[in-house]
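Close look at the chain arrangement
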Amino acid sequence: MLAVLSPGQGSQKPGFLTPWLDLPGAEARLRWWSALAGVDLVHLGTDADAEEIKDTARTQPLLVAAALLAAEHLPMYDVAVTAGHSVGELGAAALAGVLPAEAAITLAGVRGREMAAACALEPTGMAAVLGGDPDEVLAAIEAHGLYPANRNGAGQVVAAGAVDGLEKLATEPPAKSRVIRLQVAGAFHTPYMAPAEAALAGVAAGITPSDPARILLSNLDGSAVNHGREMVQRLVRQVTAPVRWDLCMRTLADLGVTGVIELAPAGTLAGLVKRELKAGGAPEIVTLNTPDDLPAARDLIARHSGLGGHEPVIQFRVVVSPAAGTFTPAKELAEGADLRTGQVIGHVTTRQGPVEVTAHDSGLLTEWLAHHDDPVAPGQPLARIGGHA
């Protein structure tokens, strides 16, 4: 099984889009997306220096555009899973079919501008805490009035909040840990971003999303999201909610992902996956940074999709599990039953309680793919609707 990952803020490098502009249509596409995002993506991806592309308002649409531009040159119909880190989730949602590319770029522009404006309201920042006991690290972050904004796995937690709290954390680090201040504009993924969340919600409310055509993982809890409207709500909520990339990687492992492609500008997520998933046999990874990497990426897809390049791995009309746990189908539903969109077809019992499983489309319940008390992983197929395999 193959996953395509879309990177988040901090992965950008000066000039990283330059080689992509040699591909036919690439510059025209970026100029169209620039009009939607309100920034010059061609300039930012080619001539701008590190300081200019560090600006949140510019960086976020630039990263989403870069990921979508690179993915246009891949056979995405053979990709089973998509996921993105922070703003990268907009790119992942577009690649899963939830959002048109234009909507993802527009939302990235709004998100970047509004988060930059929220950062200017009071002095906040972020710091990476590397190493240490995870529970002690989280306790220290809370003790200083900070928030665990990113939990990236591989012994890395990013603390965010008021500058004085970050300074105290740096002078009193948890045992066996290092604290490194990050060069960012403010406390992303914390309540400090509430004004940006509200602004993004106002724009996102006008979007009509589609349900995912492949497994789409959420930063909120690492689960697979079945419904487009729910994913849009999660994308909005994510502005103030922690990024649980650690849980996304756990789901990649649960799904048995054997191949990973990180889209441009690649390297950060590939490194986290390599370190975190090494215990169970690390997946084969391709970092797609320039068009020269496209042959290796296409070869990886051909070898790990399991389909020989003919059909999608996960189809639109397969209902997948939203979480890990045990599955209980609805008692009254038998194969052949008529289903309506949004109908509850069962639930997954998790450690936090039951999670409803609903039909994302109307049609016939043609086949149960999981049965009573079966253990299920996030993204695991549970039922087939309408006879489409």
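Above this text you will find the structure in question.
A brief look at the structure comes next. Everything numeric in this text was worked out from a predicted model, so none of it was measured.

1. Considerations on the overall build of the protein chain
Scanning the protein chain from N- to C-terminus turns up 12 helices and 17 strands. Computed over its C-alpha atoms, the radius of gyration of the protein chain comes to 21 Å, within 12% of the 21 Å expected for a compact globule of 389 residues. Put simply, 72% of the contacts in the protein chain that link residues at least 6 apart link residues at least 24 apart.

2. Re helix 9 (residues 228–237)
Those residues of helix 9 that sit buried are Gly228, Met231, Val232, Arg234, Leu235 and Val236. Elements that come into contact with the buried residues of helix 9 comprise helix 4 (88–95), helix 8 (194–204) and strand 7 (215–216).

3. Some thoughts on the sheet that holds strand 2 (residues 81–84)
Adjacent strands of a sheet form backbone hydrogen bonds with each other and so pair up, either parallel or antiparallel. One open sheet accounts for 5 strands, arranged 7-2-1-8-9; its pairing is parallel. The two strands at the open ends of the sheet, each matched to only one other strand, are strand 7 and strand 9 (284–287). Pairing of strand 8 (residues 259–262) with strand 9, which is carried by 4 bridges, proceeds in the parallel orientation. Among the inter-strand pairings, valine 260 is bridged to a residue of strand 9, identified as isoleucine 285.

4. What to know about the environment of leucine 288
Here leucine 288 shows up in the loop between strand 9 and helix 12 (294–304). Exposure remark for leucine 288: the relative accessible area of 0% places this residue in the buried category. Residues leucine 288 and alanine 71, spaced 217 residues apart in sequence, show a C-alpha to C-alpha distance of 9.3 Å. Apart from residues lying up to four places away in sequence, leucine 288 is in contact with Trp20, Ala70, Leu74, Ile261, Glu262, Leu263, Ala264, Ala266, Asp293, Leu294 and Ala297.

5. Observations concerning the packing of helix 1 (residues 26–37) against helix 5 (residues 101–119)
Relative to each other, helix 1 and helix 5 sit at 45 degrees, their axes nearing to 8 Å. With respect to each other, helix 1 and helix 5 are oriented oblique. You can see that helix 1 and helix 5 cross each other, and the crossing is right-handed. In contact with Trp32, Trp33, Leu36 and Ala37 of helix 1, helix 5 contributes Ala101, Glu102, Ile105, Thr106, Gly109 and Arg113.

6. Quick look at the pattern of salt bridges
A complete count under the given rule lists 10 salt bridges for this structure. Put simply, arginine 303 and aspartate 299 hold a salt bridge, and the shortest N to O gap is 2.8 Å. On the criterion of helical spacing, the pair formed by arginine 303 and aspartate 299 is a turn pair, its members being 4 residues apart in helix 12. If you follow the salt bridges from partner to partner, you end up with Asp221, Glu230 and Arg234 in one network.

The rules behind the values
- Residues numbered from 1 in each chain as written.
- Predicted model: local features only at pLDDT ≥ 70, side-chain atom pairs only at ≥ 80, totals over all residues.
- Heavy atoms only, no water.
- Helix = DSSP H or I, 4+ residues; strand = E, 2+ residues; numbered from the N terminus.
- Rg over C-alpha atoms; globule rule 2.2 N^0.38 Å.
- Contact = heavy atoms within 4.5 Å.
- Buried < 20%, exposed > 50% of the residue type's maximum accessible area, 1.4 Å probe, protein only.
- Pairing = 2+ DSSP bridges.
- Axes fitted to C-alpha atoms, helices over the stretch in contact; angles between N-to-C directions.
- Parallel < 35°, antiparallel > 145°, perpendicular 65-115°, else oblique.
- Left-handed = near helix turned anticlockwise from the far one by under 90°.
- Salt bridge = Lys/Arg side-chain N within 4 Å of Asp/Glu carboxyl O.

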